Structure formats: C-alpha cells, structure tokens
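Listed below are the residues making up each chain.
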Amino acid sequence: MAATRFFLLLCILLISAQTRAQTRTPAGAEAPAPASDSCNGIFLSYTYKTGKIVPPTLKSNPSRQGYRFESTLVVLNNDLEELKSWRVFVGFQHDEYLVSASNVVLADGSSLPSNVGNGSVFAGYPNADLKTGIETAGDLTQMSVQVDLVGTQFGIGAPDVPLPNNISLVNDGWVCPKPSNQGKSVLQVCCTRDLKFKSNVTLDEEFLPRQDGDLTIMYDVIRTYESNYWAQVMIANHNPLGRLDNWQLSWDWMNDEFIFAMKGAYPSVVDTSKCVFGKQGEFYKSLDFSTALNCDRRPTIVDLPLEKTNDTNLGMIPFCCRNGTILPPAMDPSKSISAFQINVFKMPPDLNRSLLSPPQNWGISGRLNPNYKCGPPIRVSPSQFPDPSRLLSDSAATASWQVVCNITKPKGVSPRCCVSFSAYYNESIIPCPTCACGCPANTDSTCSTKSPALLLPSQALLIPFENRTTLSTAWADLHHFPVPNPLPCGDNCGVSINWHLFTDYRGGWSARITLFNWDEFPFVDWFTAIELDKAAPGFEAVYSFNGSTLNGVNNTIFMQGLTGLNYLVAETDSGNPQKDPRVPGKQQSIISFTKKLTPGVDIPGGDGFPTKVFFNGEECSLPKVLPTSNSHTFGSSLWISVILALTVFLAMQQ
C-alpha cells in the first residue's frame, strides 16, 4: 500500500515538473515589452549600429579623424490618427556628413550627400504618411518607417558612440520630451499631442491644408497618361520684401524621369545624352530623344524672355516669360507670379496614369536676391483652374503638391550689396565695410581682409574701388588718419547705397539716398527698403522715387523708381576710357521727415540712420560706426577740396 502511494506521488511530481518545464520561457527570450508598446503617440528611436575608421588616419589631429557610421531611425505611429507628411529632427552633433538615407529626403531641399553636422530634418519619401494600427490591424509596414543612415562623423571612435543630442517630431501639434538613452547605442522618445494646439485640419480631410511661406510653388498634374504626364508649376511670391531676378529653379528626379517638352520656361541645358545611353533609352527604344529636352537627375529651369509670351510653341502660358523676374505683391500683384508647364516621361515600375510622384529637393535662387530654403512637396487638395471665358465650370488638377520656401540667412554667406553712411556735419564718408560682400581667397599679400575701410571724401563714391587708392590715402594724410599696410580690401559688392543725413531742424529732417550699380547688368523694376527703428513714422515724401511706408512691415519705407525711370543702368565706360575710370549706374533722391509724430528722436545720434537696408530683397551690409560731429565741418570744405585735388594731382604726376 505504501509502495502504491509512493508511486502515485512520484507520478504527480513528474507531471508537475514537466508542466512547469513546458510553460517556462526559454532563457534569453523573457525580455520586457518594447518601449514603443507604452507609447500612445509617435515613437522615435535612433540606434547606432556600427562604425569604423576611414582614411586618412590623423593621429596628430584625432578630433578631425573621420569614422563611418551606420545608424537606424525608426518612426512608429501609435496614435489614433494618421500622421501626414511626417518630419523628424535628428540633432547630429559630430560634424556628420550624410552619404545615404533610405525612405527619406532632407526637408531643407538639400541633395545627398550633404553636411548635417548642425542637425537636420528628415521628411518621409516616398511614403510621407504613417497610418494607424486601427486602420491597418497593426500592420507595422504601414504604421512605421525605418530609415537606414550611412555617413561619416568626426572625432568619435570606439568604444565611444556618436549619438545625436536630440530626436523629435517636427510636425505641428506635437510635443516631445527630452529623449532617453537605452544603453550606449539607442536614443528613444515618445511624442504626444499638444493639447493646447488648435488644428485647422478635420479628421475626415484627405489632404493637409496649404501652408503660408515667403514663396510657394505649386506642382499640379493637369494631364496624365500611362507613361507620361503634363504638370503646371506656379511660383508665387508672398513676402513684401522678397523678389527674384533671373530665377533658376532646380529639383531632383527620384525615379529616373526626364523632361520631354516644356512651355513657358526651358532647361538651362538641353541635353539628352544621359537618356540615350541610359536605362531610359533602353526602355523607350522607339522614342526620338532628339526632340526631348533634358535627362539630368537635377535639372535647372530658367524663365523665357518677354518676347516669347505669345509664341505658340514655347509660350501662351499665363504668367510666363518674364525673364525670370518675380516682384513683391506690393509692387505689382500680376508680376508676383511665374508659371510654366512641363511634360514628364516616367520609367518602370511607375507606368500607370495614377502613379504620380513629384520631384524632391527643390531649390530656387536669383541674381541678387534673398536666399531661399524650400521644404519637401506636400500633397494638398487638387488646385482649381477657373475657365478664362467664365462660361464653363472650373477645371481641377489630377493631383497637386505644394512646396513652401522661406527666406534664410545661411551661415557664412556674404551679402551682395552694402551701405555707406555720411552726414552734413562730417566731411568724411564711412564706406562699405571691408569685404562686405566677401573677399577672394589668397589676398593676404595684396590687401588686408581685417583692416577697417579707409574714410573717403564725397567724390570717391563715384569711383570704382580699384581707382580710389590715391584719393583715399591722400584724404587720410590730410586728416592724419591711420593707413594700414597692406591697405584694406574692397567691399566687392555689385550694388552700393549711400545714406546721407542731409538736414536736421526743429520740425523735421531730411536724408539723401543714392544707389550705385557696379555690375555689368542693369536692374529693371528695382526697389529698396529702409528700416528706421524710431524715425520711420515721421516719413513725409520721397521726391525722385515712388515711396511709401510698407504695410505689414514695421518702420520700413519702400522705394522704387518712377514710371519710366525704374531702370538702374549698369556700370559703363567713361567719356575718356583711356584716362578716366568706369562710371556706375546711379539714381538719387531726397527723403523728407517730420518730427511731429516722433518727438524726442535724436537724428545725428543714430535715429536718422537705417538699421536695415534691402535692395531687391537682399539685405545689405551696414557700417558698424556712424558719422560723428566732432570732426571737420563744412566751413573748411573749400580749402580741404583744393588741397586734396592738388595732392592727388601731384601723386598722379609722380
């Protein structure tokens, strides 16, 4: 009996042990739930995978030693709503140079490879939207995206790990706390909705609303076929001080597309050799590529001249053919828009009339204009095109994308115009700063890039910098000003502006503005804008230009040429080019102000001088000092001029 009980007890213990063995999780598989599971928002993770040193080996300068890095960025939508046009900031901090990135483009329009050492925003491409787990039954391929990054970073070798200092979601309406480290190689953060943010997008809207910006570009597909489509590109200026002259528009084709035909604009280079000898030529065997226009991956588009407006082959597009000029809306609303149409041929596997993809990495620039940075194309509701006759219904685009560009001031980029100051109480002109618009390399032996510019007599303003040396040094000798050796370099600006404080009296004051064009090309429909922090409300009139205060821009006076006189000519030869220097294009006007609306302004003390000056949208370089009244007065101007002329004459004779 005892033996039977012992046998039964042994069987029970064996069965219990087997059951426990079957239900126990294998060693190493009992990991905690992923951090993403506890995130009811947008989960971001950055994982450093591997790296190695890259040549050359810099043992003497380890901070500049390059290392290859391979990392992965994951964006996961755990929210209740679809995340449209996602954008994520990665705070690179080791002077990273990004070589490749999958499933994204750089949101600032830069093409890879690119420097991203100050951080960069990534935008999803080709899939810009991340669906929810509810509408996909938890399908991670639709809810998330994995971005594989490969590049070079500097100074961080093993065993240290070059993680970014931050990762965050850039989309409006989201807040991201400081990311947390998971070990040495992973950075994670869960971004949640900002409860204070008021969105103008309803849940049932299929597209994002159009955004505001200094410049917007619409890419509207107006006709589509199996292997090609026609798109209309419309560039619209919305900034009161923004402008483009001889605009150049560029983008990247992402799927081997090429330009077959255009109306209203043209590629800067007509070349189809890359198609003939590439995969496009292999696929389109019967296509006559001699009639195509451009096969570059990154083409540059330019506007057509005015005489092509009514050309039946190249023109006949509203808002086309203006030689690349886009004016501020305040100058002429009809000239603040430029448009053209483009015939794009596609390549497999996109041979379907409904498979449409806009180009990426947009960029636009002008001749002497502001710098623009453009974001990625965002899918918006189809554009509506009114019937010109107003007899038929409006037509709609097949698909529309919007590109938003904003004016930026890139680090290290010099202005292209400058300002000099002068006043009735000082005979010396404070010229444009040394190297105001940049200096050529290797000038150390010929001129100084750091010495301040020499003060000038008034007659020197009309003389090119390379011909001012005798005049400026003679002026310095007369007034005992120091003269550095070597002499300061020039300003190297194509346009300079002199602001002269003309009068100052109890009830008002006046200034004289003079524009000089030192370039070889003229400026048509030019404008300048002057910001006066305290004195602008007293503006009364400008006498030789059209002028007014600018709506929507504080303390700014906007000036442009009178009708028929809005042409700032180029620099030309003098009457005696063998003897006399070239002569700049020049326009000038007096501006009057009242003090009734600005009591207490100190005009000579600085309130009468601009704090910002713009020419054709470009912000100009200003002197760092103002004219002082403790110098020579005009009582001695006659004698000074006579002595100066004699000194210069003697120097020229020697």
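Everything here concerns the structure above.
Residues numbered from 1 in each chain as written. Predicted model: local features only at pLDDT ≥ 70, side-chain atom pairs only at ≥ 80, totals over all residues. Heavy atoms only, no water.

Novice: Would you mind going over the environment of L98 with me for this structure?
Specialist: Here L98 shows up in strand β4 (residues 97-101). Of the residues examined, L98 reaches a relative accessible area of 0% and is grouped as buried. Apart from residues no more than four positions distant in its own chain, L98 is found in contact with F69, L106, L112, P113, S114, V116, F122, L149, V150 and G151. (Helix = DSSP H or I, 4+ residues; strand = E, 2+ residues; numbered from the N terminus. Buried < 20%, exposed > 50% of the residue type's maximum accessible area, 1.4 Å probe, protein only. Contact = heavy atoms within 4.5 Å.)

Novice: Just checking my understanding: could you explain the nonpolar core for this structure?
Specialist: Most often, soluble globular proteins keep nonpolar side chains buried together rather than apart. If you look at the biggest cluster of nonpolar residues, it comprises 36 residues, and the most contacted ones within it are W499, W509, I513 and F615. If you list the elements that add at least two residues to this core, you get β26 (417-423), β28 (495-504), β29 (508-517), β32 (539-542), β34 (556-561), β36 (585-594) and β37 (612-615). Judged by nonpolar contacts, the second largest core, of 31 residues, contains V221, W247, I342 and V403. (Core = buried A, V, L, I, M, F, W, Y, C linked by side-chain atoms within 4.5 Å.)

Novice: Looking at this model, I keep getting lost on the packing of aromatic side chains. Mind explaining?
Specialist: To describe a pair of aromatic rings, one takes the distance between the centres and the angle between the planes. This model, assessed by the stated rule, comprises 24 aromatic pairs. Aromatic pair F527 and F558: ring centres 4.9 Å apart, planes at 25°, arrangement stacked. Placement of F527 in strand β31 (residues 527-531) and of F558 in strand β34 is noted, with a sequence separation of 31 residues between them. An aromatic cluster is defined as three or more aromatic residues linked by ring pairs; in this entry it consists of Y219, Y229, W251, W253, W362 and W401. A cation over a ring is seen here: R367 above F523, with NZ or CZ 4.7 Å from the ring centre. One Lys or Arg, R379, reaches over the ring of W401 and ends 5.0 Å from the middle of that ring. (Phe/Tyr/Trp six-rings, centres within 6.5 Å; stacked < 30°, edge-to-face > 60°. Lys NZ or Arg CZ within 6 Å of the ring centre and 35° of its normal.)

Novice: Hey, could you run me through the sheet that holds strand β9 (residues 167-169) in this one?
Specialist: Across a sheet, strands are paired by hydrogen bonds formed along the backbone, either parallel or antiparallel in direction. One open sheet accounts for four strands, arranged β5-β7-β3-β9; its pairing is antiparallel. Looking along the sheet, the strands with just one partner apiece sit at the ends: β5 (104-106) and β9. Taken over all neighbouring pairs, the strand axes of this sheet differ in orientation by 30° on average, direction set aside. Across three bridges, the pairing between strand β3 (residues 87-90) and β9 is antiparallel. Following the sheet pairing, V88 is matched in β9 by L169. (Pairing = 2+ DSSP bridges. Axes fitted to C-alpha atoms, helices over the stretch in contact; angles between N-to-C directions.)

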